[in-house]
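Fold and geometry: a report
Here's the letter readout for the chains.
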Amino acid sequence: MLRHTWPPLLAACLAPPAWADSFLLTRLQGLPLFNGMLKNGGVAPYGTLDLGVNYAQAGGKRAWQLQSGGEWTSKFGLAGRELLSDGWRTEFNLEAGFNANDGTPQSPGITFNREAWLGLESTRWGALRLGRQLNAGLPLFIDPFGAVNTHSVYSWAGMGAVQTPLGVLPNADLGPGAAQLDSRLGHAAKWISPRGQGFNVELLQAASPNRRAPGSRGAMLAHLDGPLFLAASFNQSWQPLSPSGADAVRNDFYGLAAVYDISRLVLSASHTVTVPRRQENGIARVYTAGAIVAEKRHVYRLSAVYRDTSSARDADGQAISSSALGLMLGYDYNLSKRTGLYARAGAIRNLGGSTLILNGQPLPTDTRGRPQTGITPVGAAVGLYHNYF
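Keep in mind it's a predicted model, so treat the numbers as computed, not measured. (Residues numbered from 1 in each chain as written. Predicted model: local features only at pLDDT ≥ 70, side-chain atom pairs only at ≥ 80, totals over all residues. Heavy atoms only, no water.)

Scanning the chain for helices and strands turns up three helices and 21 strands. With the principal axes as the frame, the chain shows a C-alpha extent of 65 × 50 × 40 Å. Counting all 389 residues of the chain, 51% fall into the buried class. Of all intrachain contacts in the chain linking residues separated by at least 6 positions in sequence, the fraction that spans at least 24 positions is 59%. In the form shown here, the chain has an accessible surface area of approximately 16,900 Å², with 59% of it arising from carbon and sulfur atoms. If you average the places of the 34 positive and of the 25 negative side-chain charges in the chain, the two averages end up 1 Å apart. (Helix = DSSP H or I, 4+ residues; strand = E, 2+ residues; numbered from the N terminus. Buried < 20%, exposed > 50% of the residue type's maximum accessible area, 1.4 Å probe, protein only. Contact = heavy atoms within 4.5 Å. Areas by Shrake-Rupley, 256 points an atom, 1.4 Å probe, with all protein chains shown as cover. Lys, Arg positive; Asp, Glu negative; His and termini not counted. Charge placed at Lys NZ, Arg CZ, Asp CG, Glu CD.)

Next up, the structure:
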């Protein structure tokens, strides 16, 4: 599933002077590449610790747990920059996400699971980055909750976290080979153009770890005009059906998004379509709307997500009618620029044959291990975070 990704992606898409009064840009102040710490070059550490008490319920199943990453992903990072001649500079970013509740890595076997790239940049030619980095899909700051992997219906409903007898698989109800666009891609090269007349472009090509299968590629066009940000994206990713990779299924991802940010109020909306390119596979369409209201130390958040499918299939391969509606409410109290308290509450209403989950809480199953339909998973949390830099 997706991790908290919007702060670095926001900086890559938006010009800070144009959004000087933006609520979203104030969230970048914990990142050395964007808060002036590396203005004259050097290396700087940064990171976040985020812990909360979470409650989850799905049918008759209930769970309490201490969980990491309720508002920010717990992480440790290093950012570096060297100023070169003629307006050029080299930059790098290494970032590792971990579970602060027990100290384990989020992705076993991948040390820097969030960022591991090296790049060159100039104001005239843009930036070229090589390595593990964010995709070229829609910016995830369109979700008022930053698409965290805990309490965000954008992450769970919008990204199609479908429970099956084989586990939770993205967009599994669309048929074999259906997938979701990974928020971060390794073996990737990305070019971010300079901004001109309010427009800029991102282009990305990533090789697959399975060399016998294609990887991923994508493009995003963004436009910034005062408080209004618009984006359109198209990405393709291949999902192998077997270890050989010869029968990989191409998934096409289309996206449109708009954000209106006047500091005290942020409104957002998006529409995405996921199309696995097999004749018998289904299609998922997702509509989102969100709002953030900021009043001094108080921040209020709202997110609504509707996912609708056509030609969806259940665990037995039978055609089903499937849709889901997710709602998430949030409140933050900023103790300082680095430390805050938060509360979250939300639910996903599964309709028809939909079996989406929320925050990892599994749905009840029958004797054959098939998840029950018509279940509404709910979740709530209170927590504390601290950004260090």
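Past the structure itself, the notes keep going.
Enumeration according to the criterion identifies six aromatic pairs in this entry. Taking 6.1 Å as the distance between ring centres and 55° as the angle between the ring planes, the aromatic pair formed by W72 and Y385 counts as tilted. Taken together, the residues W72 in the loop between strand 2 (61-68) and strand 3 (75-83) and Y385 in strand 21 (residues 378-388) connect sequence positions 313 residues apart. Here W72 falls in the buried class, since its relative accessible area comes to 7%. (Phe/Tyr/Trp six-rings, centres within 6.5 Å; stacked < 30°, edge-to-face > 60°.)

Our focus in this paragraph is the pattern of salt bridges. Counted according to the given criterion, the structure contains 18 salt bridges. With its nearest N and O atoms 2.8 Å apart, the salt bridge here joins E91 to R81. With E91 in strand 4 (residues 88-97) and R81 in strand 3, this pair connects stretches of sequence that are 10 residues apart. Each member of the pair E91 and R81 is classed as buried. Across the pair R89 and E121 runs a salt bridge whose closest N-O atoms are separated by 3.4 Å. (Salt bridge = Lys/Arg side-chain N within 4 Å of Asp/Glu carboxyl O.)

Our focus in this paragraph is the side chain of S270. Along the chain, S270 falls in strand 14 (residues 265-276). Judged by relative accessible area, S270 falls into the buried class, the value being 8%. Only 2.5 Å separates the side chain of S270 from the side chain of T288, close enough to count as a polar contact. When near neighbours in sequence (up to four residues on either side) are disregarded, S270 contacts L138, I142, Y154, L256, A257, V286, Y287 and T288. (Polar contact = N/O pair within 3.5 Å; in protein donor to acceptor, adjacent residues only side chain to side chain.)

All right, on to the nonpolar core then. Counting residues in hydrophobic clusters, the biggest one holds 37 residues, and the most contacted among them are F23, Y154, F229, V259 and I348. In terms of residue count, helix 3 (residues 153-158) provides more of this core than any other element does, four residues in total. Counting residues in hydrophobic clusters, the runner-up holds nine residues, among them L28, L33, L38 and A44. (Core = buried A, V, L, I, M, F, W, Y, C linked by side-chain atoms within 4.5 Å.)

Before going further, it helps to spend a moment on unusual backbone geometry. In this structure, K296 is a non-glycine residue whose phi angle is positive, near 55°. For K296, the position within the fold is in the loop between strand 15 (283-295) and strand 16 (298-310). Relative accessible area serves as the criterion here: at 76%, K296 is assigned to the exposed category. Within the chain, S311 stands out as a residue other than glycine whose phi angle is a positive 60°. By the secondary structure assignment, S311 is in the loop between strand 16 and strand 17 (312-313).

Turning next to the confidence of the model for the chain. For the chain, mean pLDDT is 91; residues scoring 70 or higher make up 94% of the total. The low-confidence segment residues 1-6 (pLDDT under 50) makes 41 contacts with residues lying over four places distant or belonging to another chain. (pLDDT = per-residue confidence, 0-100.)

What follows deals with a nonpolar patch on the surface. Together, L51, V53, W64, L66 and V382 line one region of the surface with nonpolar side chains, adding up to about 500 Å² of accessible area. Sorting the residues of the nonpolar patch by element identifies strand 1 (42-58) and strand 2 as the ones contributing at least two each. Topologically, L51 is positioned in strand 1. (Patch = residues over 30% accessible without salt bridge, like charges linked within 9 Å, V, L, I, M, F, W, Y side chains within 5 Å.)

This next bit is on the environment of V43. Checked against the element boundaries, V43 lands in strand 1. Taking the C-alpha atoms as reference, V43 lies 9.5 Å from L33; in sequence the two are 10 residues apart. In this structure, V43 is in contact with L38, L78, A79, G80 and F92, ignoring residues within four places of it in sequence.

Here we take up the pairing of strand 8 (residues 167-170). Inspection of the sheet shows strand 7 (residues 161-164) paired to strand 8 by four bridges, in the antiparallel sense. Counted as the bridge partner of V162 is L169 from strand 8. (Pairing = 2+ DSSP bridges.)

With respect to the secondary-structure elements, N235 resides in strand 12 (residues 228-239). Under the relative-accessibility criterion, N235 is labelled buried at 3%. From its side chain, N235 meets the backbone oxygen of A136 in a polar contact 3.4 Å long. Excluding residues within four positions of it along the chain, N235 makes contact with A136, G137, L181, R217, G218, A219, N251, D252 and F253.

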